[in-house]
Amino acid sequence: MDNAVADLVQDRSRLGRSSTAERVADILRDRIIEGLFMPGQRLSEESICEALGVSRNTLREAFRLLSHERLLDHRLNRGVFVRVLSAEDVSDLYRVRRVLEGAAVRRTPPPEAMALIREAVADAERAAAADDWRAVGTANIRFHQALVTLNESPRLDEAMRQLLAELRLVFHVMENPRDFHEPFVARNRELLALMEAGEHDDAVAYLEGYLDHAEQLLLRAYEPNR
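In this report, we go over the structure that sits alongside the text.

Reading the values: the criteria
Residues numbered from 1 in each chain as written. Predicted model: local features only at pLDDT ≥ 70, side-chain atom pairs only at ≥ 80, totals over all residues. Heavy atoms only, no water. Phe/Tyr/Trp six-rings, centres within 6.5 Å; stacked < 30°, edge-to-face > 60°. Lys NZ or Arg CZ within 6 Å of the ring centre and 35° of its normal. Helix = DSSP H or I, 4+ residues; strand = E, 2+ residues; numbered from the N terminus. Expected span 1.5 Å × (residues − 1). Buried < 20%, exposed > 50% of the residue type's maximum accessible area, 1.4 Å probe, protein only. Axes fitted to C-alpha atoms, helices over the stretch in contact; angles between N-to-C directions. Parallel < 35°, antiparallel > 145°, perpendicular 65-115°, else oblique. Left-handed = near helix turned anticlockwise from the far one by under 90°. Contact = heavy atoms within 4.5 Å. Nonpolar A, V, L, I, M, F, W, Y, C, P; charged D, E, K, R; others polar. Pairing = 2+ DSSP bridges.

1. Brief notes about the packing of aromatic side chains
Piece 1. With the rule as written, the count across this model stands at three aromatic pairs.
Piece 2. Members of the aromatic cluster, each reached through a chain of ring pairs, are Phe-171, Phe-180, Phe-184 and Tyr-210.
Piece 3. Arg-75 extends its terminal NZ or CZ atom over the ring of Phe-81, reaching a point 4.0 Å from the ring centre.
Piece 4. Above the plane of the ring of Tyr-206 lies Arg-187, whose end atom (NZ or CZ) is 5.4 Å from the centre.

2. Side note on helix 3 (residues 21–33)
Along an α-helix, a turn takes 3.6 residues, which lines up residues three or four apart on a common side.
Piece 1. Given a rise of 1.5 Å per residue, 13 residues ought to cover 18 Å, and the 18 Å separating the end C-alpha atoms of helix 3 matches this to within 8%.
Piece 2. Within the span of helix 3, buried status applies to Ala-21, Val-24, Ala-25, Ile-27, Leu-28, Arg-29, Arg-31, Ile-32 and Ile-33.
Piece 3. A positive phi of about 85° marks Gly-35, the residue just after helix 3.

3. Looking at unusual backbone geometry
Piece 1. A positive phi angle is found at Asn-77, which is not glycine, with a value near 65°.
Piece 2. In this structure, Asn-77 sits in the loop between strand 2 (72–75) and strand 3 (79–82).
Piece 3. Positive phi is not limited to glycine here, since Glu-152 has a value of about 55°.
Piece 4. The residue Glu-152 is located in the loop between helix 8 (133–148) and helix 9 (154–171) in this model.
Piece 5. The exposure class of Glu-152 is exposed, given its relative accessible area of 58%.

4. Some words on the packing of helix 8 against helix 9
Piece 1. One way to put it is that helix 8 packs onto helix 9 with a least axis distance of 10 Å and a crossing angle of 155°. On the basis of their axis angle, the class for helix 8 and helix 9 is roughly antiparallel. For the element pair helix 8 and helix 9, the recorded crossing hand is right-handed. For the pair helix 8 and helix 9, the contacting residues are Arg-134, Gly-137, Thr-138, Asn-140, Ile-141, His-144, Gln-145 and Val-148 in the first and Leu-156, Asp-157, Met-160, Arg-161, Leu-164, Arg-168 and Phe-171 in the second.
Piece 2. For the contact of helix 8 with helix 9, the residue count by class is six nonpolar, five polar and four charged.

5. Details of the sheet that holds strand 3
Piece 1. Reading across the sheet, the three strands line up as 1-3-2 and stay open at both edges, with antiparallel pairing between neighbours. The open sheet has two edge strands with one neighbour each: strand 1 (42–43) and strand 2.
Piece 2. Relative to strand 3, strand 1 is paired through two bridges, and the arrangement is antiparallel. By the bridge assignment, Arg-42 is partnered in strand 3 with Phe-81.
Piece 3. Lying on the sheet, helix 5 (residues 56–68) is in contact with strand 1, strand 2 and strand 3; it crosses strand 2 at an angle near 115°.

And the structure:
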């Protein structure tokens, strides 16, 4: 059992007595967002079923759900693999991010949403100080998920969760996670400050430059493979 699958054992308590494929899919999606599964990695039905204590039928249905979300690939006679995204996928993901996050920062944030955003910023800063760049990436994803909650739309929240899971797979293309994530720790703090000050237009403009920069860095990493 590899390390990523071994970490699933502690997730059994999330399933409860009424285990469903949707809950299994939620767990696997969360683990993808946390960076525990690598693009191109083959997922062992036997190991994951054992770790989570679920049936193969339940797991296969969860795999099917995640395939519809473009997180997994079924390869004939070979099994199920974590999806490898392309440069075109990156550009499309950032098109959607500009719409969802741009609309969010135009809104006056409620206190509970701002608390989640502040927490994600602080978590990223602590992880950076500890030189834990995978944790920085996870905190950054939580920051952007919290931004989208400002839209006050459960459907947009769900769309963003799926998008961010795909995005985490893209992050693996970066050879040096610190070089990629470190600048955005400070940029998240700056965006937060603009939002706290009620500078909505400046926050929108700042976010546009932020997303442009991130997209360019990722696309540059794909260039040798095009």
